[in-house]
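Structural overview
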Amino acid sequence: MPNNEDYTQLTTEELQVEEKKTRNELIIAAVMIGFLIGVMVFGFARNGFGILYTVIPLGLIYLTHRNSNTSREKMARIKAELIKKRAA
């Protein structure tokens, strides 16, 4: 779903599904960042500094982190709307 979706129109069940999807996105991003850090550490230990072991993983870490920031913002909007719906 697009980031600018109006979560006020969704039901509680739909919001819970969206929350689960977003949580999975955040978990995948964390695993990906951890894997790329592992690749960097392995590359440093094995071959020292090199473009394959430093620049490429750093670029991918940056892109993954930037994407996870948008997922965190989406999660915050979903949680706020869930709190409103549960209070009503």
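Residues numbered from 1 in each chain as written. Predicted model: local features only at pLDDT ≥ 70, side-chain atom pairs only at ≥ 80, totals over all residues. Heavy atoms only, no water.

**Quick notes on the overall build of the chain**
Looking only at helices and strands, one finds 2 helices and 0 strands in the chain. Seen through its principal axes, the chain has C-alpha atoms that stretch 60 × 20 × 15 Å. For the chain, buried positions account for 27% of its 88 residues. Here the chain contributes 12 positively and 9 negatively charged side chains, and the mean placements of these two sets differ by 9 Å. (Helix = DSSP H or I, 4+ residues; strand = E, 2+ residues; numbered from the N terminus. Buried < 20%, exposed > 50% of the residue type's maximum accessible area, 1.4 Å probe, protein only. Lys, Arg positive; Asp, Glu negative; His and termini not counted. Charge placed at Lys NZ, Arg CZ, Asp CG, Glu CD.)

**Thoughts on the pattern of salt bridges**
Within this structure, the stated rule accounts for 3 salt bridges. The salt bridge involving Glu-18 is made with Lys-74; its shortest N-O contact spans 3.7 Å. With Glu-18 in helix α1 (residues 12-47) and Lys-74 in helix α2 (residues 55-87), the pair connects residues that are 56 residues apart, well separated along the chain. The buried category is assigned to Glu-18, whose relative accessible area is 3%. Residue classification places Lys-74 among the buried positions, given a relative accessible area of 5%. (Salt bridge = Lys/Arg side-chain N within 4 Å of Asp/Glu carboxyl O.)

**Here we look at α2**
One turn of an α-helix holds 3.6 residues; hence residues three or four places apart share an orientation. Taking 1.5 Å per residue, 33 residues should reach 48 Å; α2 reaches 48 Å between its end C-alpha atoms and fits that length. Looking at the buried side of α2, the elements it contacts are α1. (Expected span 1.5 Å × (residues − 1). Contact = heavy atoms within 4.5 Å.)

**Focus on the packing of α1 against α2**
At a minimum axis separation of 9 Å, α1 and α2 run at an interaxial angle of 160 degrees. Comparing the axis directions of α1 and α2 gives the class roughly antiparallel. Of the two elements, α1 crosses α2, and the hand of that crossing is left-handed. A per-class count over the contact of α1 with α2 returns 16 nonpolar, 7 polar and 10 charged. (Axes fitted to C-alpha atoms, helices over the stretch in contact; angles between N-to-C directions. Parallel < 35°, antiparallel > 145°, perpendicular 65-115°, else oblique. Left-handed = near helix turned anticlockwise from the far one by under 90°. Nonpolar A, V, L, I, M, F, W, Y, C, P; charged D, E, K, R; others polar.)

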